[in-house]
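# Coordinate inspection notes
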Amino acid sequence: IFFRLRKMADTSEATAGPPPGASETTETPMEVDAETPGSPANSTEPKPSEEAFAMMSVGFDLGNLMSKVCQLNPKEQMPTIVRNTASNEQTPSVISFRQRQERYFGDDAVSHLTSQPASTVCDLKKIIGVDLTEEFVKANGLNFPVKCAQNTIELSLEDGDRSVAVPHVVGMLLKRLLEFARQQKSGSPGVMPASAVVAVPTHFSDKQCGAIRDALLIAGVPADRAHIIPESVAELLCYHHSHYAELNVSEPTTIVMVDVGHFQSFVTLARMTKTKIEVIATRSSPTGSGMVDMGLLRDAVKHIQDTKKTDISSLPKALARISKEARKCKEMLSMLETSNVTVETLTDEIDLQMKVSRETLNQHAQPLADGLVGLCEQVMEAAGPDFSKDAVNRVEILGGGIRMPCLQERLKEYWGKPLATTMDGTLSLTQGCAIYGVVQQPTSETTRILQSLVSKADESRRIMDTLHHVEIVPAPEVPGVSMSDEEMAKCMEVEADLQARDDKHIATATAKNSIEEYVYATRSNLDSPDMQKALGDDCTKVRDMLTKVEEWLWDMDEDTAADVYTAKLESTKKEILDGFPAISKELERQAAEQAKRDAAMAEEARKAAAEQKKEPRTDGERIKFAEERKDQGNGLLKQEHYSESITRYVQALAYLGEVYASEDADIKAKKEAISLSCHLNIANAAIKVQMYQKAIDNCNKALELQPGSAKAYFRKGQALSLKSEFTQAKEALDKALELAPGDKLIEKELKQNAKKMEQHKAKEKKMYANMFGS
């Protein structure tokens, strides 16, 4: 918003650093970490990045299925989407509470919807601010069998039962999303942005709006920085911001915005100029494209009842799996005339294979189409006789559900004009929220920039013409009824308790994983010719020691404390290094070679940093910068700098995330090609540094871009096998071989996976024998 304003106010200021990307490092095998005095970790000086994050406006799109977060610095022109730890722009709105494990959020929790449904919470936007009666759960098609009472979720954990308020659960998700934004700017824990804005559906009651505000407070946002606005206003702000050049100073443009989400839809009529947005009327409905998913789910249940003579309506795991596939089928039918809902091994004896036609989709979508036309009629009626359909300059449609052709046909028929699709329905809400935080809640930094220009009359007048400071009529801030101080204090107490529990389980898992990684890395090192030459016959002795450590791990129970694992790791390292001095000498030689490679990489990084001072301003430049980062990542990958290569690929994806020319076919094709390459290479590098979940997530992202990618299925199978998820690994590798028949690498990986599966079963058998003393 203040891009040119900022540049003129302080032309000598250095531009921002490289695009965000988490740099991840791994511990060298058999090497003890040492802190460097005076390093950033030990410094008490405030970081510039903390001050930068404190100026940010953070916008949240709290979706029923997926949530997103983006941030806007007053110095920058457009909001930046924040990627999560899996490099995805969207985070599933799912939280899992499992015994003897920390809380899982988003991508990490999705698989628990089917494997652990009784401890996994979803549908957050539907359940906040309402009484969770049995009738409400059934009426709204909520499939999760979590115990609930009124507005609380009942959790059964290893250290006792807890009642958690639904706003608290939503606050947990917002807290995690806020952490993603903070990490992107390298801010320290506890640093809060200048504004945190959440958009809510127009039909939300005061109680529901208040519950959202409570969730922001529980997430740690100060009350004076927490803002709630209608979703319609957020999207209008995003439209105004991105179409500013097309608007007139005095002559208003009349626009209709139609948004169809998963569980709600709304229609808004507004007039806007460069300086004002006037909301004429808006109407919403708590129904969206999710009703089509439910229709396909009911068809599948009936299909199984008719063909298999089995009623699965009371099996939550089966229903969750069918719902996921039904949603995919709906999306495919937006492009194809027929598709399938396919679920293998739905139960021990049932596989689902149901063919669905576009006609069936239209039948399920008919009530939604009728409802949308009804909302349009209500909006025009509320606008009064001064407004007519002919006076509307533009009808903008967006949202995931609007892709169904039958909906577009009905809307086009009603309005009698072409429908525009210039806005990105997946980002408009969160971008609009972030823009609101800057435009309507200016920070002291914004004021300072404006004051610095008062004496520059000509420059100030030209800049003020382009300043997106918008008057919104009526005032958009949504009032809400909040919790009492006592209720809020109770939530904070429970959150502190759950956070301490998370920290304990994470510390234990980290300590245990450190031993497993040490054993794995040491074995790999023993396989190198140089190490075998240095150790000779002692290699066998070291391998035997590592096997005993593995057996010790198998004998440990789930309540073993983190310090026990830490002590075992240190004693194992000492025993190996003291007993076999040749290992230390070989590691020193390897470290010296690594230092040379690091020096060469540092020189490349210096050159890259010099290039990054040029900030891309067009989509073409962003594509070019992304390709350069990808090429740098490829070079680092070849040099076996795996973590650093991941950073370059993530930077490339960050640039691509700011490419907005969705209608330019050439730009779109280049964006998808570079994105596919980056995700595949991140997966490759992540496997090398034992970040198997990151590899799987990026393979899934690659498959979204190219469903027939044998390479994506192959690397996904590799990562799953290394995670000891052998059955799923086999499925992925089988699919890879189907796409690339006769591929020797895939066939070899399938054989290795089968062998590891047998070894794993043998270890499990031994473990259970020890447990039961037989």
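An account of the accompanying structure is given in this report. Please read all numbers here as calculations on a predicted model, not as lab measurements. Positions within a chain are numbered from 1, following the residues in the order the chain's sequence is written. It should be noted that, the model being predicted, local features are given only for residues of pLDDT at least 70 and side-chain atom pairs only at 80 or more, the latter also being counted only at that level, while totals for whole chains, interfaces and linings use all residues. Note: side-chain values were computed over all heavy atoms of the structure, leaving out hydrogens and water.

## A word on a nonpolar patch on the surface
On the surface, Met332, Met335 and Leu336 cluster together into a nonpolar patch covering about 290 Å² of accessible area. Helix and strand definitions here come from DSSP, where helices need a minimum of 4 consecutive H or I residues and strands a minimum of 2 consecutive E residues; each element is numbered from the N-terminal end. Among the structural elements, Met335 can be located in the loop between helix H11 (316-333) and strand S16 (338-343). We call a residue buried when its accessible area falls under 20% of the maximum for its residue type, exposed when it is over 50%, and partly exposed in between, using a 1.4 Å probe and counting protein chains only. Assessed through its relative accessible area of 61%, Met335 is described here as exposed. Patch membership needs two things, relative accessible area over 30% and no salt bridge, and members are linked within 9 Å if like-charged or within 5 Å if nonpolar (Val, Leu, Ile, Met, Phe, Trp, Tyr). Residue burial considers only the protein chains on display, and all accessible areas are found by Shrake-Rupley using a 1.4 Å probe. By definition here, a salt bridge exists when the distance from a side-chain nitrogen of Lys or Arg to a carboxyl oxygen of Asp or Glu is within 4 Å.

## Details of the layout of surface pockets
With a 1 Å grid laid over protein atoms only, a set of points is called a cavity when a 1.4 Å probe fits there but cannot get out and a pocket when it is open yet has protein on both sides within 12 Å along at least five of seven lines; lining residues have an atom within 4 Å of a point. Grid points are joined across faces, edges and corners, and a volume is the space filled by probe spheres set on the points. Counted as a void, the second largest pocket has a volume near 360 Å³. Those elements that provide at least two residues to the lining of the second largest pocket are strand S10 (160-165), helix H8 (206-218) and helix H17 (485-526). Top contributing element to the lining of the second largest pocket by residue count: H17, with five residues. When residues are grouped by polarity, Ala, Val, Leu, Ile, Met, Phe, Trp, Tyr, Cys and Pro land in nonpolar, Asp, Glu, Lys and Arg in charged, and all others, Gly among them, in polar. Classifying every residue of the lining of the second largest pocket gives eight nonpolar, seven polar and six charged.

## A few points about the pattern of salt bridges
Here the structure, examined in full by the defined rule, presents 31 salt bridges. Between Asp61 and Lys68 there is a salt bridge; the shortest N-O distance is 3.4 Å. Accessibility assignment for this pair places Asp61 and Lys68 in one class, buried. In this structure, Glu278 and Arg271 form a salt bridge, with 3.0 Å as the shortest nitrogen-oxygen distance. Exposure remark for Arg271: the relative accessible area of 29% places this residue in the partly exposed category. One continuous salt-bridge network, built from bridges that share partners, spans Arg103, Lys175, Glu495 and Asp502.

## Notes on the nonpolar core
With 55 residues, the main nonpolar core has Phe60, Val170, Leu174, Ile212 and Leu216 as its most contacted residues. Looking at this core, the element that brings in the most residues is helix H7 (residues 166-184), giving 10 residues. The next biggest cluster of nonpolar side chains, apart from the first, holds 49 residues, and it includes Val267, Leu296, Leu411 and Leu419. What is meant by a nonpolar core is a set of buried Ala, Val, Leu, Ile, Met, Phe, Trp, Tyr and Cys residues, joined one to another through side-chain atoms within 4.5 Å.

## With respect to the environment of Lys723
Note on placement: Lys723 falls in the loop between helix H26 (710-722) and helix H27 (726-739). For Lys723, a relative accessible area of 28% puts it in the partly exposed group. For Lys723 and Met691, which are 32 residues apart along the polypeptide, the C-alpha to C-alpha distance reads 9.5 Å. Only 2.7 Å separates the side chain of Lys723 from the side chain of Gln693, close enough to count as a polar contact. Any N or O atom pair separated by 3.5 Å or less is treated as a polar contact, with the protein-specific requirement of one donor-capable and one acceptor-capable atom, and with residues adjacent in sequence counted only for side-chain atom pairs.

## Describing helix H10 (residues 290-308)
Helix span is expected to be 1.5 Å times the residue number reduced by one. In this model H10 runs 26 Å from its N-terminal to its C-terminal C-alpha over 19 residues, within 8% of the 27 Å that 1.5 Å per residue would give. Inspection of H10 places Gly290, Val292, Asp293, Gly295, Leu296, Leu297, Ala300, Val301 and Ile304 among the buried residues, and these make up the whole buried set. Here, two residues are considered to be in contact whenever any of their heavy atoms come within 4.5 Å of each other. Buried residues belonging to H10 abut H11, strand S17 (352-357) and helix H12 (358-383). Of the residues flanking the end of H10, it is Lys309, one or two places downstream, whose phi is positive at about 55°.

## What about the packing of aromatic side chains?
Here a pair means two rings of Phe, Tyr or Trp (six-membered ring of Trp) with centres within 6.5 Å. Their orientation is stacked below 30 degrees between planes, edge-to-face above 60, and tilted elsewhere. In this structure the tally under the stated criterion is three aromatic pairs. With a centroid separation of 5.8 Å and an interplanar angle of 85°, the aromatic rings of Trp552 and Tyr565 are classed as edge-to-face. On the criterion of sequence distance, the pair formed by Trp552 in helix H19 (residues 538-555) and Tyr565 in helix H20 (residues 562-579) is long-range, its members being 13 residues apart. Owing to a relative accessible area of 2%, Tyr565 belongs among the buried residues under this scheme. For the pair Phe625 and Tyr655, a centre-to-centre distance of 5.5 Å together with 75° between the ring planes defines the contact as edge-to-face. Pair noted here: Phe625 is in helix H22 (residues 619-638) and Tyr655 is in helix H23 (residues 642-656), with a separation of 30 residues, a long-range link. The pair formed by Phe625 and Tyr655 is uniform in burial state, with each residue classed as buried. Two conditions define a charge sitting above a ring: the NZ of Lys or the CZ of Arg must be within 6 Å of the ring centre, and it must be within 35 degrees of the ring normal. Its guanidinium or amino end placed over the ring of Tyr414, Lys389 lies 4.0 Å from that ring's centre, counting from NZ or CZ.

## Notes on the sheet that holds strand S18 (residues 394-398)
Two strands form a pair only when DSSP identifies at least two bridges running between them. Judged by pairing direction, the sheet is mixed, and its five strands sit side by side in the order S18-S13-S14-S15-S19 without closing on themselves. This sheet does not close on itself; its edge strands, each paired only once, are S18 and strand S19 (471-473). Going across the sheet, the axis of each strand differs from the next one's by a mean of 25°, ignoring polarity. Axes here mean lines fitted to C-alpha atoms, for a helix over just the part in contact, with angles spanning 0 to 180 degrees between N-to-C directions.

## Examining the sheet that holds strand S7 (residues 120-121)
Ordered by their spatial adjacency, three strands build an open sheet running S6-S5-S7, and the pairing between neighbours is antiparallel. This sheet does not close on itself; its edge strands, each paired only once, are strand S6 (104-105) and S7. As paired elements, strand S5 (residues 95-96) and S6 share two bridges and run antiparallel to each other. By the bridge assignment, Ser96 is partnered in S6 with Tyr104.

## Here we look at the state of the cysteines
Disulfides are defined as cysteine sulfur pairs within 2.5 Å. One pass over the full model with this rule turns up zero disulfides. We note that Cys70 lacks a disulfide partner, and the nearest cysteine sulfur, in Cys433, lies 7.8 Å from it. Residue Cys70 is classed as buried on the basis of its relative accessible area, which comes to 1%.

## Describing the packing of H17 against H19
Contact geometry for H17 and H19: axes closest at 10 Å, N-to-C directions at 160°. What the angle tells us is that H17 and H19 run roughly antiparallel. Crossing angle aside, the handedness with which H17 passes H19 is left-handed. For the pair H17 and H19, the contacting residues are Lys512, Ile515, Glu516, Val519, Thr522, Arg523 and Leu526 in the first and Cys539, Val542, Arg543, Leu546, Thr547, Val549, Glu550, Trp552 and Leu553 in the second. For the contact of H17 with H19, the class distribution of residues is nine nonpolar, two polar and five charged. Roughly parallel refers to an angle under 35 degrees, roughly antiparallel to one over 145, roughly perpendicular to one between 65 and 115, and oblique to any angle outside these ranges. Handedness of a crossing follows from how the near helix is turned relative to the far one, being left-handed for an anticlockwise turn of less than a right angle and right-handed for a clockwise one.

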